[in-house]
Amino acid sequence: MFTSSFPFGNGEQFIETEIKYLSRHFNNIYIYPLVVSGDKRDVPGNVIVKSHQLYSPYQRISLLIRYFFQIIHVYLYELLFSKHRLKYLTKGRHHFNYLLHRFNDAEWLKNELENYDLNNTVLYFYWFDLWATVMSIVKLKKRKSYKTVARMHGGDYDEAQNPNGYFPFRYFEMSVWNDLVPVSNYGVNYLINQFPSRKKSFSLSRLGVKDNSINPSNTDEEFIIVSCSFLIPLKRVHLIVEILKHIQYNVRWIHFGDGPLLNEIKQLSTYLPNNIKTDFKGYVSNSEIIRFYAKQHVDLFINVSELEGIPVSVMEAISFGIPSAGCKICGVPEIVNQETGILLDLNFEPKDAASKIQTLLRSPEADKLRISARKFWKENYDAEKNYNDFIDKHLLNSCAA
């Protein structure tokens with residue numbers, strides 16, 4: 001299993017749930033995190049964390065001699081088929097050096113894989129990132145049959161979410177992968193539109209969260225609104241402040257998460273009217289957030305990011321029967337809808353959003369919406385069903401490619 005940093009650090013919290021299901025189906029799971037930083041989280045007993053030698057120094061001339069024709073093959077493939085071919089011409093040196101590094105990484109990965117019985121092993125890439133690029137080069141050689149599966153999240157395919165506006169050597173990568181698993185219908189449709197000839201390679205497999213509890217009933221006249229995100233411009237948390245300025249009821253806004261904009265958001269919140277109280281929790285572990293939902297009544301979860309895949313934070317909220325608000329962007333409408341809460345226009349007016357939220361908070365149908373939200377989670381984002389289905393379809397029955 002190839003991850004970004006899990007089980008180290010604070011990221012990829014959703015893998016904490018999935019790894020428990022994976023550990024039930026495989027004798028051993030070997031995790032290769034790309035980045036090793038921060039504390040190591042607990043994992044099941046049959047999970048072994050491995051190190052890697054990516055980015056290691058290499059002899060440039062020697063590598064060119066060994067893989068000259070394969071390197072040219074990859075570069076020419078991108079020049080022929082990519083809609084971004086001009087970038088490979090204008091930034092040729094940059095892309096060629098990037099490719100050399102990945103061929104060196106692939107040499108290490110190919111040798112590393114020789115340590116395993118590949119007839120009885122599946123290679124699972126949690127992100128379609130640098131690990132997947134390296135594996136694409138390994139697969140290019142076609143000397144062995146590798147059972148490979150890769151999930152694809154919004155940041156793995158959506159060019160609008162990539163700072164450079166494209167993914168290097170993506171057309172080559174698509175030519176050698178057969179089992180790619182976007183976590184949203186939006187992702188499936190996006191990829192089919194980009195790579196129609198690879199349509200059969202893409203299939204939907206949603207993430208999920210387990211059934212922890214039901215959010216308790218309200219015992220206070222104060223409404224509780226919760227948000228949970230890293231405080232960066234993309235998350236647009238300042239817009240939550242703008243919405244709250246127009247809320248006339250007594251509300252406590254609780255935010256989980258820190259980031260570079262924390263002080264700025266705190267400063268903005270000082271201008272909120274007296275009926276709005278704020279509580280910035282900072283970084284809190286996923287398990288603590290789950291315990292919070294199990295004990296503290298919450299009236300609404302809100303996410304106003306300008307770009308999102310399928311927010312796991314919303315999955316967690318609706319699993320407790322907490323209605324959610326989100327913006328009409330990417331995969332969000334698949335989980336935030338009339339069954340689960342309020343879907344806002346991406347460029348909403350804060351006053352209009354506040355009006356919709358106030359209507360929800362005071363609605364006589366609020367209890368029905370909470371039941372509906374939990375039902376929607378059960379039918380679409382239940383970890384027990386989604387992860388077992390994914391394991392059966394994509395890992396245990398993965399086709400060699």
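Our structure's up above, just so we're on the same page.
Keep in mind the model is a prediction, meaning the values are calculated, not measured.

Enquirer: Got a minute to help me understand the layout of surface pockets in this structure?
Expert: Over the atoms, a rolling probe the size of a water molecule traces out where space has been left empty. Volume-wise, the second largest pocket comes out at about 560 Å³. Forming the boundary of the second largest pocket are 23 residues, of which F26, N28, N120, T121 and V122 lie nearest the centre. When residues of the lining of the second largest pocket are traced back to their parent elements, those giving at least two are β2 (29-33) and β4 (123-125). Considering each element in turn, the lining of the second largest pocket owes the most residues, 3 residues, to β2. Among the residues making up the lining of the second largest pocket, the classes are represented as 14 nonpolar, 7 polar and 2 charged.

Enquirer: Even after reading the chapter, I still don't get the sheet that holds strand β10 (residues 300-302), so can you show me in this structure?
Expert: The pairing of strands in a sheet happens through backbone hydrogen bonds and is either parallel or antiparallel. The strand order across the open sheet built from 6 strands is β9-β8-β7-β10-β11-β12, with neighbouring strands paired in parallel fashion. Each edge of the open sheet carries a strand with a single partner, namely β9 (276-282) and β12 (341-344). Each adjacent strand pair in this sheet contributes to an overall mean axis angle of 20 degrees, direction not counted. Of the pairings in the sheet, the one linking β10 to strand β11 (residues 324-327) comprises 2 bridges and is parallel in character. Its bridge partner lying in β11, I302 is registered against A325. Along the sheet, helix α13 (residues 350-361) contacts β7 (223-228), β10 and β12; its crossing angle with β12, the most-contacted strand, is approximately 170 degrees.

Enquirer: Looking at this structure, I do not really get the pattern of salt bridges. What am I missing?
Expert: Where charged atoms from two side chains of opposite charge come close, those side chains can pair. Counted by the stated rule, this structure contains 16 salt bridges. Here E159 and K83 are joined by a salt bridge, their closest N and O atoms 3.5 Å apart. With E159 in the loop between α6 (154-157) and α7 (170-176) and K83 in the loop between α2 (60-81) and α3 (85-90), this pair connects stretches of sequence that are 76 residues apart. D279 is the partner of K281 in a salt bridge, and the nearest nitrogen-oxygen pair spans 3.0 Å.

The rules behind these values
- Residues numbered from 1 in each chain as written.
- Predicted model: local features only at pLDDT ≥ 70, side-chain atom pairs only at ≥ 80, totals over all residues.
- Heavy atoms only, no water.
- 1 Å grid on protein atoms, 1.4 Å probe; cavity = no way out; pocket = protein on both sides within 12 Å on 5 of 7 lines; lining within 4 Å.
- Points joined across faces, edges and corners; volume = space filled by probe spheres on them.
- Helix = DSSP H or I, 4+ residues; strand = E, 2+ residues; numbered from the N terminus.
- Nonpolar A, V, L, I, M, F, W, Y, C, P; charged D, E, K, R; others polar.
- Pairing = 2+ DSSP bridges.
- Axes fitted to C-alpha atoms, helices over the stretch in contact; angles between N-to-C directions.
- Contact = heavy atoms within 4.5 Å.
- Salt bridge = Lys/Arg side-chain N within 4 Å of Asp/Glu carboxyl O.

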